[in-house]
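# Working through the structure, step by step
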Amino acid sequence: MRRICALFGCFLTLSASYSAVAGDPPVVVPTTATPASFSTRSNPYLGYDLPDLGGPANALISKADEYSIGRMVLREVRDSGLLMEDPEVTDYIQQLGMRLASQAHDEGQSFTYNVMKEPVVNAGAIGRLVLINSGLILMTDNESELASVVAHETGHIVQRHMARAIEAQSHMSLINMAAMLAAIALGAMAGGGQGAEGAIALTQAASYQQQVNLIRGNEIEADAVGIELLAGAGFDPNEMANEFELFSRMEGLSLAGIPPLLIDHPVTSERVAAARNRAATFPPSKPLPESLSYELFKERVRVLALPPEEHVDQYYSRLRDRRPLSAAERYGEALVQMQNHNAAAAVAILRELVAQNPQVTMLYATLGQALVANNQMPEALEFFRQTNILFPRNVPLTVRYAETLMQANRAPEAHTLLLDLFNNADPTPAQIRLTALAANAAGDAGDAYEYMAEYDLVGGQLALANQQLELALATPGLTGQQKAKFRARLEQVRGWLREQQASRRTG
């Protein structure tokens, strides 16, 4: 994670890159801001006004720039091996996040949610990216608890805390400020809050305490917005305070064992009381039925996050000795059986679970995988074909179906299936890469190069995207439509490269 922070010194020259994926021109960040004051809107929970978001922070860093910064961080997390790149996990956390974010009622906002394979209890937001550690997910007992954490981190994005911090410290060099923000938001995710605060001190020792206070002040503001998002999405707004009280009890157990979340997100009695008071301003909410999807998600994270030496299979055996396993625990057991090359047992478990819970798509996706692992390829293909009709354009099911088609040497069908998904849902980097592989296996080399260019653009790699598009244009046998499409995209990328070079010279 420390490597991530070091790379942020160059964010000004790279921040334009992901705008390419969305089709918007990049914004080159200037080196000075126009002094002005934020307008405000009233918030009775805080006792003071929340800033409106049309202030001078926009002069320093736009929403598109924030999105690009988050994408660069995501690429580095992926390269470090910490990202849980699993279609089912990613789809669940993204859907939960967007359910909350939609309550912000700001169509100009973009949000990305991902899970990290880290046992440390922590979460963070930077740019328009929210990262939730697996350790925190496994600590939660229900979906509302998890939603309260996601809502709080979403609150940081809604209130544009990164941009406002840059505006507040406009006398600092923007490069140093970006490095500091990266250290605050991500430096502690794997290494502890003290490490993050130490990184701040290294970046700007003279303003160390000022920066820590700035971030901690933003926590209160993110609480207010998070509670609004929780209530609007149908969750119990009291869950925010409940989580704070849980964290407070954890803090009281052992000072040496305080999770980094408590250091980065300090809990006080005043903060708990304020959250209770704010939640009380909303009408009483009817308790939501427990979500089986949440429970399956949590068990999937448990199996994927724990290393083999933790003997996850023994965990489920111990549970079975004490009581019958729940549906989610049986799902976890099926995943372990697949890991242990006992796919037949997994198929049996998952068939029963699907029959009992025919509305839960995660079960279908995993059963299809188990059928493939059990060498039941014809049945797996027919099963996926039928589920694709039942749940069209469901991301995990479509991805797993495409993977199965490619294993069955039916790459053209996989390419067509993924292209339809690509054109109707925002793809993750992993999905873009899979589409490129399917196109290549189908013999569509030009399209494969173009998809890889999009993959590089997502990660902020303008030069690599330029090379991929040049290769796409050099592919024999292109149609006139392909040539026009690739040439137009190449001209865009070259324009952004020129702006990047100009930004380096003026920065």
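First things first, this report covers the structure right here in the doc.

Cut-offs applied
- Residues numbered from 1 in each chain as written.
- Predicted model: local features only at pLDDT ≥ 70, side-chain atom pairs only at ≥ 80, totals over all residues.
- Heavy atoms only, no water.
- Phe/Tyr/Trp six-rings, centres within 6.5 Å; stacked < 30°, edge-to-face > 60°.
- Helix = DSSP H or I, 4+ residues; strand = E, 2+ residues; numbered from the N terminus.
- Buried < 20%, exposed > 50% of the residue type's maximum accessible area, 1.4 Å probe, protein only.
- Contact = heavy atoms within 4.5 Å.
- Pairing = 2+ DSSP bridges.

Each aromatic ring pair is summarised here by two numbers: the centre-to-centre distance and the angle between the ring planes. A full pass over the atoms with the stated rule returns 8 aromatic pairs. Seen in terms of ring centroids, Tyr92 and Phe297 are 4.2 Å apart; in terms of plane orientation they differ by 25°. Their pairing is stacked. Here Tyr92 is found in helix 6 (residues 87-101), whereas its partner Phe297 is found in helix 16 (residues 292-305), with 205 residues between them in sequence. Taken as a pair, Tyr92 and Phe297 share a single burial class, namely buried. Here Phe111 and Tyr113 contribute two aromatic rings whose centre-to-centre distance is 6.4 Å and whose plane-to-plane angle is 15°, an arrangement assigned as stacked. Given the relative accessible area of 1%, Tyr113 is considered buried. The rings of Tyr364, Phe383, Phe384, Phe391 and Tyr401 are connected pair by pair, giving a single aromatic cluster.

Tracing the backbone shows Ile132 in strand 5 (residues 129-133). With relative accessibility at 0%, the residue Ile132 sits in the buried group. Sequence-wise, Ile132 and Val121 are 11 residues apart; in three dimensions their C-alpha atoms are separated by 8.7 Å. For Ile132, the contacting residues outside a window of four places in its chain are Asn114, Val115, Met116, Asn122, Ala123, Ile137, Leu146, Val149 and Val150.

Burial analysis of strand 5 places 5 of its 5 residues in the buried class, the great majority of the element. Neither face of strand 5 is exposed, since Leu129, Leu131 and Asn133 on one face and Val130 and Ile132 on the opposite face are all buried. Alignment of strand 3 (residues 112-116) against strand 5, held across 5 bridges, turns out to be parallel. Looking at the pairing, Asn114 lines up with Leu131 of strand 5. In terms of strand pairing, strand 4 (residues 123-126) meets strand 5 through 4 bridges, oriented antiparallel. Within strand 5, the residue paired with Ile126 across the bridge is Leu129. The antiparallel pairing of strand 4 with strand 5 creates a hairpin that spans 2 residues between the two strands, and Gly127 there sits at a positive phi of about 60°.

Our next topic: the side chain of Glu333. Summarising the element assignment, Glu333 is placed in helix 18 (residues 327-339). On the basis of relative accessible area, Glu333 is assigned to the buried category, the value being 15%.

Everything listed is a geometric property; what it means functionally is a separate question.
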